[in-house]
Amino acid sequence: MTTTVDDTQVDELRLLEAEAVHIIREVVAELQRPVLLFSAGKDSIVLLRLAEKAFRPSPLPFPVLHIDTGHNFDEVIAFRDRRLGEHGHKLIVGSVQETIDSGRVPDPGPTASRNRQQTRTLLDALEAGGFDAAFGGARRDEERARAKERILSFRDEFGQWDPRAQRPEPWSLYNGRIKKGEQVRVFPLSNWTELDIWRYIELENLELPSIYFAHEREVVHRDGILLAVSQYVQPEGDEQAAVEWVRYRTVGDLTITGAVRSHATDITGVISEISAATVSERGETRADDRTSVAAMEDRKREGYF
């Protein structure tokens, strides 16, 4: 297969790959019960491939956890079930709707974002599974609060994050010692960029949900973001829905995850667009990160991933 990745970039990607595989193996060796968070987004797809490489030909020594907001893109859920099913990975689903129904969190309404509510669902799922480490696909280039993270991000017994309580990681030495009830969130992709992710996807010929490539979709322009029209998102006031050529740079709750106008129908086209982008994926397409400069950091302090 012909790719846009040159030999120098391949070497750089293999170095990033080796670092991530080393981190995953170290955590499995140090911690008792890890789990891999999987959204079926591009970063978690790369993370899953790296975990598979770390232990092949043996099966993954930990399950996969998806926090389901109930406001998902159908293409993403179909991909999740197919990708995990084909490889026999154990899937655990934490349902935000069940958390709402149980009274653990207030119901924000059928059309509102459930990002705040999913924090409780995540913490409950980690506690129920007895997990002391959770692998995630977050990258430092995504958002300011992400850049404060260590690769092993310490969380207290309540699952909460304090940037002042993080441990130094000199010479890539990782301290996984924790007390009973404490956790670490692990970010093997910390040193990757969005462009690295796409180049690795091309290099490894990884399958993605179709919404990552340009397609026609009915959208409504709201607060500077193109939201997909669905049962949860309908035109309001003088808004007008229109069918446009769009793709997604990130996946999430469809009530707050915006599309970008695009005609990039393949990886080569996407890489070309990403190379020229001047706005981060979350800054351009996630309404929840626009509420304040500290929006992500506030949620992380509460236990959000």
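A short tour of the structure in this document, coming up. (Residues numbered from 1 in each chain as written. Predicted model: local features only at pLDDT ≥ 70, side-chain atom pairs only at ≥ 80, totals over all residues. Heavy atoms only, no water.)

1. Re the sheet that holds strand E8 (residues 225–228)
If you walk across this open sheet you meet the 4 strands as E8-E7-E9-E10, and the pairing is antiparallel. Looking along the sheet, the strands with just one partner apiece sit at the ends: E8 and strand E10 (260–261). As paired elements, strand E9 (residues 241–247) and E10 share 2 bridges and run antiparallel to each other. Bridge pairing in E10 links valine 246 to arginine 261. (Pairing = 2+ DSSP bridges. Helix = DSSP H or I, 4+ residues; strand = E, 2+ residues; numbered from the N terminus.)

2. Details of helix H6 (residues 194–204)
Taken across its 11 residues, H6 has 10 buried, putting it largely inside the fold. The complete set of buried residues in H6 reads Glu194, Leu195, Asp196, Ile197, Trp198, Arg199, Tyr200, Ile201, Glu202 and Glu204. Immediately downstream of H6, the backbone of asparagine 205 shows phi near 55°, a positive value. (Buried < 20%, exposed > 50% of the residue type's maximum accessible area, 1.4 Å probe, protein only.)

3. Brief notes about the pattern of salt bridges
Where charged atoms from two side chains of opposite charge come close, those side chains can pair. In the structure shown here, the tally under the stated rule is 20 salt bridges. Of the charged contacts, one joins arginine 49 and glutamate 52 as a salt bridge, the two residues approaching to 3.7 Å between their closest N and O atoms. Here arginine 49 and its partner glutamate 52 are both found in helix H2 (residues 42–55), 3 residues apart, which amounts to about one turn of the helix. Per residue, the accessibility class of arginine 49 equals that of glutamate 52, and both read buried. Residues glutamate 75 and arginine 217 are paired through a salt bridge, measuring 2.7 Å at the closest nitrogen-oxygen approach. (Salt bridge = Lys/Arg side-chain N within 4 Å of Asp/Glu carboxyl O.)

4. A few points about helix H5 (residues 115–129)
With 15 residues, H5 extends 21 Å from end C-alpha to end C-alpha; this agrees with the ideal 21 Å at 1.5 Å per step. For H5, the complete set of buried residues consists of Asn115, Gln117, Gln118, Thr119, Thr121, Leu122, Leu123, Ala125, Leu126 and Gly129. Remark: glycine 130 follows H5 within two positions and exhibits a positive phi of approximately 65°. (Expected span 1.5 Å × (residues − 1).)

5. Quick notes on the nonpolar core
Membership of the largest hydrophobic core comes to 63 residues, with the highest contact counts inside it found for Ile24, Phe38, Val46, Leu50, Trp192 and Trp198. Sorting elements by how many residues they give to this core places H2 first, with 8 residues. Not counting the four nearest positions on each side in its chain, leucine 50 is found in contact with Glu17, Ala20, Val21, Ile24, Leu189, Trp192 and Tyr200. In terms of nonpolar packing, the next biggest core, distinct from the first, is built from 12 residues, Val35, Leu37, Ile67 and Val96 among them. (Core = buried A, V, L, I, M, F, W, Y, C linked by side-chain atoms within 4.5 Å. Contact = heavy atoms within 4.5 Å.)

6. Thoughts on the packing of aromatic side chains
Where two aromatic rings form a pair, the distance of their centres and the angle of their planes describe that pair. Applying the stated rule across the entire model yields 6 aromatic pairs. On the numbers, 5.9 Å between centres and 80° between planes, the contact of tryptophan 198 with phenylalanine 213 is edge-to-face. With tryptophan 198 in helix H6 and phenylalanine 213 in the loop between H6 and strand E7 (215–222), this pair connects stretches of sequence that are 15 residues apart. The exposure classification of tryptophan 198 matches that of phenylalanine 213, with both residues buried. (Phe/Tyr/Trp six-rings, centres within 6.5 Å; stacked < 30°, edge-to-face > 60°.)

7. Regarding the sheet that holds strand E5 (residues 152–155)
Sheet architecture is open: 6 strands sit in the order E3-E2-E1-E4-E6-E5, paired in mixed fashion. On the outer flanks of this sheet lie strand E3 (91–95) and E5, each paired with one strand and no other. Sheet twist, expressed as the average angle between the axes of neighbouring strands with direction ignored, equals 30°. Sheet analysis places strand E1 (residues 34–37) next to strand E2 (residues 64–68), joined by 2 bridges and oriented parallel. Considered in E2, the bridge of leucine 37 is made with leucine 65. Along the sheet, H2 contacts E1, E2 and strand E4 (133–135); its crossing angle with E1, the most-contacted strand, is approximately 140°. Seen against the sheet, H5 touches E1, E2, E3, E4 and strand E6 (183–186) and runs at an angle of roughly 150° to E2. (Axes fitted to C-alpha atoms, helices over the stretch in contact; angles between N-to-C directions.)

8. Description of the pairing of E5
By the alternation rule, side chains of E5 split into Leu152 and Phe154 and Ser153 and Arg155, which are all buried. Pairing analysis gives 4 bridges linking E5 to E6, with the strands arranged antiparallel. What sits directly across from arginine 155, in E6, is glutamine 183.

9. Thoughts on a negative patch on the surface
Residues Asp6, Asp7, Asp11 and Glu12 make up a contiguous surface patch of negative charge. Looking at the element boundaries, aspartate 11 is found in helix H1 (residues 7–30). Given the relative accessible area of 49%, aspartate 11 is considered partly exposed. (Patch = residues over 30% accessible without salt bridge, like charges linked within 9 Å, V, L, I, M, F, W, Y side chains within 5 Å. Areas by Shrake-Rupley, 256 points an atom, 1.4 Å probe, with all protein chains shown as cover. Lys, Arg positive; Asp, Glu negative; His and termini not counted. Charge placed at Lys NZ, Arg CZ, Asp CG, Glu CD.)

10. Looking at the pairing of E7
Bridge analysis of E7 against E9 gives 6 bridges, and the strand direction is antiparallel. Bridge pairing links arginine 217 to glutamate 244 in E9. Sheet topology note: the E7/E8 ladder contains 4 bridges and is antiparallel. Within E8, the residue paired with arginine 222 across the bridge is isoleucine 225. Turn length for the E7-E8 hairpin, with the two strands adjacent in sequence and antiparallel, is 2 residues, and the turn residue aspartate 223 shows positive phi of about 55°.

Remember, this is a structural readout, not a statement about activity or role.
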